[in-house]
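Examination of the molecular architecture
Now for the letters of each chain:
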Amino acid sequence: MYMAEGHCWHMTASITCAGERAFLQLQYPPDEVKKQTDRARRVPRSHLLQDRPNKENGLSSLANEHGRGALLAHDGVDDIGGRAGECTAVGRSILCLGPDCHFDPQEESMWSPCLDLYIECFRRRAQAEIVEKNHHLPHNPSRAERNAIHSLRNNPDIIINEADKGGAVVIMNRSDYQKEAARQLSNTKFYRPLSSDPTEEYTKKLHHLLRTLPSLTQEQINIPLEPRPGLFYLLPKIQKLRNPGRPIISGIGTLTEGLPRYVDPLFRPYATSTPSYLCDATDFLRKLQCTGDLSENTILATMDVEALYTNIPHTDGIQAVRNSIPDDATAQLVAELCDFIFTHNYFKFGDNIYLQTSGPTMGTRMAPQYANIFMADLEQCFLSSCPLTPLLYLHYIDDLFII
């Protein structure tokens, strides 16, 4: 700790965590902080003396010599000490920073306590008010409505889920939900049941794959410490007959969770730069306006690819990735990672574990752009062999629009 006789305390260098925490705990007016720190910055470096707190009372030898009001100026009021013989909250906090706090007079300090202090004080006060209000806020639903919600939530015979489209809330019989899931998972073209959890085996394979990749790539791919299978669930399609479910697999905490995060930005530029790619409805309207006037015999057609994700063969999809990425090294890297992702898509439903054998799972981060690349590659092969080229051909993942 450093002290200048006849001057205020001056902090000149990097402050340790202990000192910073002490400052952040202070609750004093901003005007006082500004006044004290402005004066502190005007103290000459030549007036600084090094001192360390002792182990008995946490005060430095200089502080012990001058008393707890060690920061005194000749006029009786110092920059941090207040009245003669006293010490304000700021002075006490500096005196009591403890032996872990160290200032180096030879090093220029870039740390300023003011802004950090304001932010931390505001955050703590706002958090305290939010917590206090949460404990006293009245319930919007009536008691009867709260009892009904509680009863529905704990009813084992129903499933409450979000609809596939429209944001509606769907309440289904659990038996119907499980029957629809069993119907889809029994399709051996897309799914295969596993006799045991393959997490340990797949983890070894992933570590072996990562060791063959560049070190920078290895650092950017995160693997959970305790990976688990994905979780399979359905979103009911209430707009369709018999309300089939859209299969979704939550990949949070799974072995391959970090791979799609790394792969997605690598081939996103190539997926979104194809002529037929649609970003959103605004992009569709803009491209539609560029077609100009149409003749009377023009035909407008829309199509939808059925179950696009699960119908993408691994070999064709990975080849489409290679065809779309011009850089051979990047294409090879992305292809290897995609191959591992798609051949290790295992998940859990109920007490059973399954492996998806075709295409990316719905819910994988890179699945939309992977599907776009596959569709663009397929369309290029198809359109190049057509005797009649469409005036306009656009697609939004699995939805097609043709003029």
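What you are looking at is a predicted structure, and each value in this text was computed from that prediction instead of being measured. (Residues numbered from 1 in each chain as written. Predicted model: local features only at pLDDT ≥ 70, side-chain atom pairs only at ≥ 80, totals over all residues. Heavy atoms only, no water.)

Most peptide bonds take the trans form, and the phi angle of most residues other than glycine is negative. Residue Arg242 is not a glycine yet carries a positive backbone phi of 65 degrees. Accessibility expressed as a relative area gives 72% for Arg242, which makes it exposed. One non-glycine residue, Asn243, lies in the positive phi region at around 50 degrees. Within the secondary structure layout, Asn243 lies in the loop between strand S6 (230-236) and strand S7 (245-250). On the accessibility criterion, Asn243 (38% relative accessible area) is partly exposed. (Buried < 20%, exposed > 50% of the residue type's maximum accessible area, 1.4 Å probe, protein only. Helix = DSSP H or I, 4+ residues; strand = E, 2+ residues; numbered from the N terminus.)

Together, Leu152, Ile160, Val169 and Ile171 give the surface a local cluster of nonpolar side chains, amounting to about 370 Å² of exposed area. Here Ile160 lies in strand S3 (residues 158-162). Overall, Ile160 belongs to the partly exposed group, its relative accessible area being 44%. (Patch = residues over 30% accessible without salt bridge, like charges linked within 9 Å, V, L, I, M, F, W, Y side chains within 5 Å. Areas by Shrake-Rupley, 256 points an atom, 1.4 Å probe, with all protein chains shown as cover. Salt bridge = Lys/Arg side-chain N within 4 Å of Asp/Glu carboxyl O.)

To continue, consider the pattern of salt bridges. Scanning all chains against the criterion turns up 9 salt bridges. Ionic pairing is found between Glu257 and Arg261, a salt bridge with its closest N-O pair at 3.6 Å. The exposure class assigned to Glu257 is partly exposed, which follows from its relative accessible area of 23%. Its relative accessible area of 45% is what places Arg261 among the partly exposed residues. As a salt-bridge pair, Asp283 and Lys287 come within 3.6 Å of each other at their nearest N and O atoms. Taken together, the residues span about one helical turn, with Asp283 and Lys287 both in helix H11 (residues 281-289) at a distance of 4 residues. Note on accessibility: Asp283 and Lys287 belong to one class, buried. Each member of the salt-bridge network shares a partner with another, and the members are Glu120, Arg123 and Arg124.

The next subject is the nonpolar core. Residues Val263, Phe267, Leu308, Leu337 and Tyr370 are the most contacted members of the largest nonpolar core, which totals 43 residues. Among the secondary structure elements, those contributing two or more residues to this core are helix H8 (199-211), helix H10 (258-272), helix H12 (314-324), helix H13 (328-343), strand S10 (352-356), helix H14 (367-384) and strand S12 (399-402). Looking at this core, the element that brings in the most residues is H13, giving 9 residues. Ignoring anything within four residues of it in the chain, the contact list for Val263 reads Val334, Leu337, Cys338 and Met366. Counting residues in each nonpolar core, the second largest holds 15 residues, with Ala163, Tyr177, Leu234 and Ile249 among its members. (Core = buried A, V, L, I, M, F, W, Y, C linked by side-chain atoms within 4.5 Å. Contact = heavy atoms within 4.5 Å.)

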